Amino acid sequence: MDRLNATNIPPQPLSTLAEFLGATLEGSCEIPIQALCTLDPGLEGGLSFLAQGTYAKHLAESTASAVIVSQNQVKPEGFKGCLLRVDYPYGAWAKVLDNFGVHHAWHSSSIDPSAIIHPSVQIGPGVRIGAHATIGEGSIIHPNVTIYANSQIGSQCILHAGVVIGADGFGFAPPIIKGEGLLKIKHLGLVILEDHVEIGANSCVDRAVVGATVIGQGTKLDNLCQIGHNVRIGQSCVLAGQVGIAGSTIIGHGVQIGGQVGIAGHIVIGDGARIGAQSGVHKNIEAGKTFMGSPAVEASVFRRKFVASNMKPN
Amino acid sequence: MDRLNATNIPPQPLSTLAEFLGATLEGSCEIPIQALCTLDPGLEGGLSFLAQGTYAKHLAESTASAVIVSQNQVKPEGFKGCLLRVDYPYGAWAKVLDNFGVHHAWHSSSIDPSAIIHPSVQIGPGVRIGAHATIGEGSIIHPNVTIYANSQIGSQCILHAGVVIGADGFGFAPPIIKGEGLLKIKHLGLVILEDHVEIGANSCVDRAVVGATVIGQGTKLDNLCQIGHNVRIGQSCVLAGQVGIAGSTIIGHGVQIGGQVGIAGHIVIGDGARIGAQSGVHKNIEAGKTFMGSPAVEASVFRRKFVASNMKPN
Amino acid sequence: MDRLNATNIPPQPLSTLAEFLGATLEGSCEIPIQALCTLDPGLEGGLSFLAQGTYAKHLAESTASAVIVSQNQVKPEGFKGCLLRVDYPYGAWAKVLDNFGVHHAWHSSSIDPSAIIHPSVQIGPGVRIGAHATIGEGSIIHPNVTIYANSQIGSQCILHAGVVIGADGFGFAPPIIKGEGLLKIKHLGLVILEDHVEIGANSCVDRAVVGATVIGQGTKLDNLCQIGHNVRIGQSCVLAGQVGIAGSTIIGHGVQIGGQVGIAGHIVIGDGARIGAQSGVHKNIEAGKTFMGSPAVEASVFRRKFVASNMKPN
């Protein structure tokens with residue numbers, strides 16, 4: 001199982017899911033559906049969804065066994081799986097997630113008995129650890145940290161006071177019936193912090209919808225940072241204070257991000273990129289490039305812009 | 001009583017308050033003063049204040065029974081109440097608030113015995129709930145959340161770990177005697193979260209000076225957001241991570257606000273408005289409009305600006 | 001001892017430290033090294049370091065008894081102390097800090113028995129206080145606040161819920177051997193909050209590398225602010241929500257900083273300066289000036305810029 005991109009569910013025939021959703025099943029699926037997965041790259045035995053045209057390019061190459069799509073979605077030649085056609089794919093996906101989502105109530109004690117914590121871990125007072133969370137050798141968890149269920153913290157990590165790992169990501173679908181409330185997207189995935197990760201005080205790393213939000217080995221976050229659901233950050237990155245990264249964005253290795261930077265969702269930042277403080281990044285950045293400004297542009301362009309407007313950057 | 005715009009005090013003659021403040025009383029007030037209220041809209045039996053010329057327009061239509069004003073403030077024809085004239089209205093207001101402010105010491109147990117919590121509410125370890133707070137049916141309060149005294153949480157709400165509801169708003173008046181310290185504006189109001197509100201990890205919603213800070217039904221906030229005192233947010237709004245809204249701003253229904261947006265105080269954002277990530281909003285936005293940039297302008301203007309300067313927005 | 005700029009270590013001959021670092025010792029030092037100190041202003045009996053050419057100007061006037069420098073660093077005439085020459089000064093400094101750093105494990109009870117807390121202090125449930133921390137008369141510490149070891153909180157301070165005082169600052173040196181992980185800069189210094197300081201909910205004030213991070217008397221911080229290591233903020237300043245100040249920056253007295261402002265490290269903001277919301281400040285600001293924009297410029301220039309581009313600021 002691709003634990004970064006998929007979350008297991010009890011195996012069941014695709015026809016059962018189609019019936020549950022009132023969907024038209026197109027194609028046949030020999031194997032049972034046993035996971036919910038991201039569209040890119042998908043997973044054999046996995047169910048995913050396609051809500052917006054923007055991501056249609058991923059459908060052709062997705063290895064998902066089935067994908068929830070709109071009634072008029074063209075099936076690309078490359079896609080070998082089945083389609084579940086519905087009027088409102090995002091609403092159907094919300095319904096699937098809700099059906100398989102498990103609510104982990106907090107144990108009355110601070111640390112859930114099912115959590116697996118290496119005996120060498122130092123845990124400050126007021127730390128709360130949810131069901132089935134794991135923490136590796138030598139990690140230090142400062143006071144008042146909250147680690148939600150299933151989160152995986154590596155060895156030699158440091159979590160400063162007030163950090164929140166694994167809270168629900170921010171996802172809501174417009175209501176099926178107009179005028180009703182927003183539909184909550186249940187988050188079935190988890191957070192993985194690899195070894196030697198340090199997270200600054202009061203920073204938050206949200207759990208994935210399915211699969212995992214990942215902070216790579218040796219990466220360091222300053223205080224009050226916000227890491228959205230399904231973000232992947234590579235190794236040895238440095239994120240200064242109050243950085244925010246929106247959902248599903250992928251950050252390479254050795255990336256340096258200045259304070260108060262905002263990075264949009266679903267984009268890719270290459271290895272070794274550098275992003276100046278307060279930048280707003282909404283497009284991919286190639287490896288090794290330096291970007292600044294909001295919207296962010298290459299550093300050379302940013303500097304020229306100020307000259308052109310007869311305005312030295314202070 | 002208009003609980004959104006006013007906070008009760010023990011009823012007393014206006015003359016007593018005038019004497020307490022060393023104020024010149026202009027006009028006579030038959031009924032006792034029984035509340036402190038905002039100038040707009042005011043309240044019969046309520047006392048308010050007018051510190052800056054900017055808000056003088058509200059005085060004419062205020063229904064407050066008495067308003068603290070400066071010595072030379074012109075009394076507009078429309079205003080039917082009394083004036084309390086002083087040298088330093090904001091300082092006098094600070095003195096009134098300080099006089100009637102009740103300090104709610106935290107109970108040694110995590111949940112104050114006077115709090116009213118529906119038995120169905122799920123409360124994680126480390127949650128602290130102050131005096132007379134209320135929480136409605138089916139709400140989930142994750143670990144290490146702090147809910148200050150008198151806060152009102154509706155039903156089916158979700159508060160993620162580390163959220164702070166009802167801390168003092170940020171208000172300080174310049175000292176009466178130069179060289180002394182800033183005067184703290186005591187916050188006598190409260191916070192109301194209506195039903196189906198979700199607040200992301202480590203976000204903060206400050207209590208009102210008088211009246212209430214309100215988050216409307218079905219509105220969702222992401223992590224690390226800051227909502228200032230006396231802000232009103234309508235129903236079914238979506239605020240992405242690290243948004244900050246300064247005091248007394250009013251947000252309509254169905255407003256969508258991107259990550260790291262800052263919104264100034266005392267402005268109005270219309271229903272259905274959309275605000276791009278990292279925008280800085282310092283003027284009213286009409287219903288249905290899309291704004292971006294800092295300072296924020298209409299999206300079409302924002303795009304033209306980049307073309308004009310030969311600078312595509314990346 | 002200059003407690004703002006230096007941290008004591010057990011006294012020892014400089015030759016011992018040179019040997020520990022494998023450094024070439026240039027000059028001789030009669031007195032033992034008994035503190036680690038900042039380069040500017042330095043300290044007699046203190047050891048500091050010079051990693052980047054940018055700060056070379058401080059070497060000539062530093063009163064440090066010894067400074068770790070690179071192999072080819074020119075010794076300025078004014079400098080009277082010794083030099084410890086190494087290949088990688090920042091790495092050597094990291095090694096020194098690591099050698100003398102004391103890890104204060106959290107006591108299993110919420111308040112370390114060695115903390116000194118005035119009996120009048122009000123402490124909410126869930127407050128965690130580390131070893132040797134002190135809190136002065138009349139201060140109020142709201143729930144779920146974390147105060148790390150050695151932090152000094154003055155009298156009449158208010159710390160709102162979720163505040164974190166004294167977490168490690170954000171400092172990492174590139175690895176000595178390429179491909180290894182980042183070196184953590186141990187933080188041996190502390191945080192000092194002077195009297196009448198108020199800190200908003202979930203804000204963070206990091207401890208110094210050596211010496212102290214200081215918030216001056218009567219200064220008020222709103223929620224979700226981030227104050228980096230070795231920052232000094234003067235008296236009666238006002239910082240609105242979500243402000244971030246990077247390491248070693250010095251802020252004068254009576255400075256007003258708008259919401260979501262970011263201030264770079266190692267700069268100086270003069271007394272009475274005002275900085276508009278969302279500004280990005282990366283150069284010194286003179287006393288009394290008003291700056292806005294990102295990068296921030298004088299307010300008059302900022303307004304002209306919008307006129308020049310035919311773009312009113314909304």
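The structure displayed is predicted, hence computed values, not measured ones.

Participant: Before we move on, can you summarise the overall build of chain A with the specific residues and values?
Facilitator: Along the backbone of chain A there are three helices and 34 strands. The proportion of buried residues among the 314 residues of chain A is 58%. Considering only contacts within chain A whose residues lie at least 6 apart along the sequence, 27% involve residues at least 24 apart. Total accessible area on chain A is roughly 12300 Å²; 52% of this is exposed by carbon and sulfur atoms. Charged side chains in chain A number 20 positive and 22 negative. The centres of these two groups are separated by 10 Å.

Participant: Outline the packing of helix α1 (residues 14–21) of chain C against helix α3 (residues 89–100) of chain C, listing residues and values.
Facilitator: Relative orientation and spacing of two packed helices are given, respectively, by the angle between their axes and the distance between those axes. Residues and elements named next belong to chain C. With their axes 10 Å apart at the nearest point, α1 and α3 run at an angle of 115 degrees to one another. The orientation of α1 with respect to α3, classified from their angle, is roughly perpendicular. Of the two elements, α1 crosses α3, and the hand of that crossing is right-handed. Of α3, the residues touching α1 (which contributes Leu-17, Phe-20 and Leu-21) are Ala-92, Lys-95, Val-96, Asn-99 and Phe-100. Its residues assigned to classes, the contact of α1 with α3 comprises six nonpolar, one polar and one charged.

Participant: Account for the pattern of salt bridges, with residues named and values stated.
Facilitator: On inspection of all chains with the given rule, the structure shows 15 salt bridges over all chains. Between Lys-184 of chain B and Glu-198 of chain C there is a salt bridge, with its nearest N and O atoms 2.8 Å apart. One end of the pair, Lys-184 of chain B, is in strand β17 (residues 183–184); the other, Glu-198 of chain C, is in strand β19 (residues 198–199), on a second chain. In this structure Lys-184 of chain B comes out as partly exposed when scored by relative accessible area, which is 22%. Residue Lys-184 of chain C pairs with Asp-168 of chain C through a salt bridge whose shortest N-O separation is 2.9 Å. Of this pair, Lys-184 of chain C sits in strand β17 (residues 183–184) while Asp-168 of chain C sits in the loop between β15 (164–165) and β16 (172–173); the two residues are 16 residues apart in sequence, bridging distant segments of the chain. Ionic contacts of the salt-bridge type, sharing partners, join the residues Asp-168 and Lys-184 of chain A together with Glu-198 of chain B into one network.

Participant: Go over the relation of the copies chain A and chain C, please, and point to the residues and values.
Facilitator: Between chain A and chain C, the superposition needs a rotation of 120 degrees and an axial shift of 0.0 Å, giving an RMSD of 0.0 Å. Both chain copies can therefore be described as sitting about a three-fold axis.

Participant: Break down the interface of chain A and chain C for me, with residues and values.
Facilitator: Across the contact, 35 residues belong to chain A and 46 residues belong to chain C. For the pair chain A and chain C, the number of links is one salt bridge. The interface formed by chain A and chain C contains 23 residue pairs in polar contact (both at pLDDT 80 or more). Mapped onto the side of chain A that touches chain C, the elements with two or more residues apiece are β22 (220–221), β25 (238–239) and α3 (299–308) of chain A. Here the residues of the side of chain A that touches chain C are counted per class, giving 16 nonpolar, 14 polar and five charged.

Participant: So, unusual backbone geometry: which residues are in play, and what are the values?
Facilitator: Omega for the peptide link from Asp-40 of chain A to Pro-41 of chain A comes to 10 degrees, which places this bond in the cis form. Mapped onto the fold, Pro-41 of chain A is located in the loop between β3 (33–37) and β4 (46–49). Ser-294 of chain C connects to Pro-295 of chain C through a cis peptide bond whose omega is 0 degrees. If you trace the backbone, Pro-295 of chain C turns up in the loop between β33 (290–292) and β34 (297–298). Its identity as a non-glycine residue notwithstanding, His-266 of chain B has a phi of 60 degrees, on the positive side. Residue placement: His-266 of chain B occurs in the loop between β29 (262–263) and β30 (268–269). With a relative accessible area of 47%, His-266 of chain B lands in the partly exposed category.

Participant: For the relation of the copies chain A and chain B, give the residues involved together with the corresponding values.
Facilitator: By a simple turn and slide, chain A fits onto chain B: the slide is 0.0 Å along the axis, the RMSD is 0.0 Å, and the turn is 120 degrees. When you check the interface residues of chain A against chain B, a mere 17% turn up at the interface there too, and the two sides of the contact use different surfaces.

Participant: Outline the interface of chain A and chain B, supporting the account with residue identities and numerical values.
Facilitator: Contact residues are listed per partner, giving 46 residues for chain A and 35 residues for chain B. Where chain A abuts chain B, roughly 2800 Å² becomes buried across the two surfaces, and 57% of that area is made up of carbon and sulfur atoms. Contact with chain B buries surface across chain A, with Arg-128, Phe-170 and Leu-182 of chain A losing the most and accounting together for 22% of the total. Where chain A meets chain B, there are one salt bridge. Counting across the interface, chain A meets chain B through 23 residue pairs in polar contact (both at pLDDT 80 or more). A per-class count over the side of chain A that touches chain B returns 19 nonpolar, 21 polar and six charged.

Participant: Explain the packing of aromatic side chains residue by residue, including any values.
Facilitator: All names here are of chain A. For the structure on display, the rule yields 12 aromatic pairs over all chains. With a centroid separation of 5.1 Å and 75 degrees between ring planes, the pair formed by Trp-106 and Tyr-148 is classed as edge-to-face. On the criterion of sequence distance, the pair formed by Trp-106 in the loop between α2 (89–100) and β7 (116–117) and Tyr-148 in the loop between β12 (146–147) and β13 (152–153) is long-range, its members being 42 residues apart. On the basis of relative accessibility, which here comes to 17%, the residue Trp-106 falls in the buried class.

Participant: Before we move on, can you summarise the pairing of strand β6 (residues 82–86) of chain C with the specific residues and values?
Facilitator: Residues and elements named next belong to chain C. Most of β6 sits inside the fold, with five of its five residues counted as buried. Taking every second residue as pointing to the same face, both faces of β6 are buried, with Cys-82, Leu-84 and Val-86 on one and Leu-83 and Arg-85 on the other. Sheet topology note: the strand β2 (residues 24–26)/β6 ladder contains three bridges and is antiparallel. Across the sheet, Glu-26 pairs through a bridge with Leu-83, a residue of β6. Where strand β5 (residues 66–70) meets β6, five bridges bridge the pair, whose relative direction is parallel.

Participant: Please provide a residue-by-residue account of α1 of chain C, values included.
Facilitator: Leu-14, Leu-17, Ala-18 and Leu-21 of chain C are the residues of α1 of chain C that are buried. Projected onto a plane normal to the axis of α1 of chain C, the buried residues spread over an arc of 100 degrees and lie on a single side.

Participant: Which residues make up the side chain of His-142 of chain B, and what values go with them?
Facilitator: Within the element layout of this structure, His-142 of chain B appears in the loop between β11 (140–141) and β12 (146–147). A polar contact is formed between the side chain of His-142 of chain B and the side chain of Trp-106 of chain A, at a distance of 2.8 Å. The residues contacting His-142 of chain B, other than those within four sequence positions of it, are Trp-106 and Tyr-148 of chain A together with Gly-124, Val-127, Ile-158, Leu-159, His-160 and Ala-161 of chain B.

Participant: An account of the sheet that holds strand β1 (residues 6–12) of chain C is requested, with residue identities and associated values reported.
Facilitator: Residue and element names in this part refer to chain C. Strand order in the open sheet made by the six strands is β1-β3-β4-β5-β6-β2, with mixed pairing throughout. In this open sheet, the two strands that pair with only one neighbour each are β1 and β2. Sheet twist, expressed as the average angle between the axes of neighbouring strands with direction ignored, equals 25 degrees. As paired strands, strand β4 (residues 46–49) and β5 are joined by three bridges and run parallel to one another. Directly across from Ser-48, in β5, lies its bridge partner Val-67.

Participant: Explain empty space enclosed by the protein to me, using residue names and the numbers behind them.
Facilitator: Per the stated rule, a full pass over the model turns up five cavities of 30 Å³ or more. Every residue lining the largest cavity is listed: Asn-144, Thr-146, Gly-162 and Asn-202 of chain A, Asn-144, Gly-162 and Asn-202 of chain B together with Asn-144, Gly-162 and Asn-202 of chain C. The class makeup of the residues in the lining of the largest cavity is no nonpolar, 10 polar and no charged. Quantified by volume, the second largest cavity comes out at close to 50 Å³. Along its surface, the second largest cavity is lined by His-160, Glu-198, Ile-199, Gly-200, Leu-221, Asp-222 and Asn-223 of chain A together with Asp-168, Gly-169, Phe-170 and Phe-172 of chain C. Taken together, the residues of the lining of the second largest cavity sort by class into four nonpolar, four polar and three charged.

Participant: Any details on the sheet that holds strand β2 (residues 24–26) of chain B? Residues and values, ideally.
Facilitator: Strands pair in a sheet through their backbones, by hydrogen bonds, and they do so in one of two ways: parallel or antiparallel. Residues and elements named next belong to chain B. Strand order in the open sheet formed by six strands is β1-β3-β4-β5-β6-β2, with mixed pairing between adjacent strands. Every interior strand has two partners, whereas the edge strands, β1 (6–12) and β2, have only one. Across the sheet, the mean angle from the axis of one strand to that of its neighbour is 25 degrees, orientation sign disregarded. One ladder, built from four bridges, connects β1 with strand β3 (residues 33–37); its direction is antiparallel. Within β3, the residue paired with Ala-6 across the bridge is Cys-37.

Participant: So, the pairing of strand β21 (residues 212–215) of chain C: which residues are in play, and what are the values?
Facilitator: Residue and element names in this part refer to chain C. Along β21, one buried face is formed by Ala-212 and Val-214 and the opposite face, lined by Thr-213 and Ile-215, is buried too. Pairing geometry for strand β18 (residues 190–193) and β21, over four bridges, is parallel. Along β21, the bridge assignment pairs Ile-192 with Val-214. Bridge analysis of β21 against strand β24 (residues 232–233) gives two bridges, and the strand direction is parallel. Looking at the pairing, Ile-215 lines up with Ile-233 of β24.

Rules of the game
- Residues numbered from 1 in each chain as written.
- Chains lettered and ligands numbered in written order.
- Predicted model: local features only at pLDDT ≥ 70, side-chain atom pairs only at ≥ 80, totals over all residues.
- Heavy atoms only, no water.
- Helix = DSSP H or I, 4+ residues; strand = E, 2+ residues; numbered from the N terminus.
- Buried < 20%, exposed > 50% of the residue type's maximum accessible area, 1.4 Å probe, protein only.
- Contact = heavy atoms within 4.5 Å.
- Areas by Shrake-Rupley, 256 points an atom, 1.4 Å probe, with all protein chains shown as cover.
- Lys, Arg positive; Asp, Glu negative; His and termini not counted.
- Charge placed at Lys NZ, Arg CZ, Asp CG, Glu CD.
- Axes fitted to C-alpha atoms, helices over the stretch in contact; angles between N-to-C directions.
- Parallel < 35°, antiparallel > 145°, perpendicular 65-115°, else oblique.
- Left-handed = near helix turned anticlockwise from the far one by under 90°.
- Nonpolar A, V, L, I, M, F, W, Y, C, P; charged D, E, K, R; others polar.
- Salt bridge = Lys/Arg side-chain N within 4 Å of Asp/Glu carboxyl O.
- Least-squares fit on C-alpha atoms with pLDDT ≥ 70 in both.
- Polar contact = N/O pair within 3.5 Å; in protein donor to acceptor, adjacent residues only side chain to side chain.
- Buried area = accessible area lost by both parts, 1.4 Å probe.
- Phe/Tyr/Trp six-rings, centres within 6.5 Å; stacked < 30°, edge-to-face > 60°.
- Pairing = 2+ DSSP bridges.
- Arc of directions from axis to C-beta.
- 1 Å grid on protein atoms, 1.4 Å probe; cavity = no way out; pocket = protein on both sides within 12 Å on 5 of 7 lines; lining within 4 Å.
- Points joined across faces, edges and corners; volume = space filled by probe spheres on them.

In short, geometric facts, not functional conclusions.
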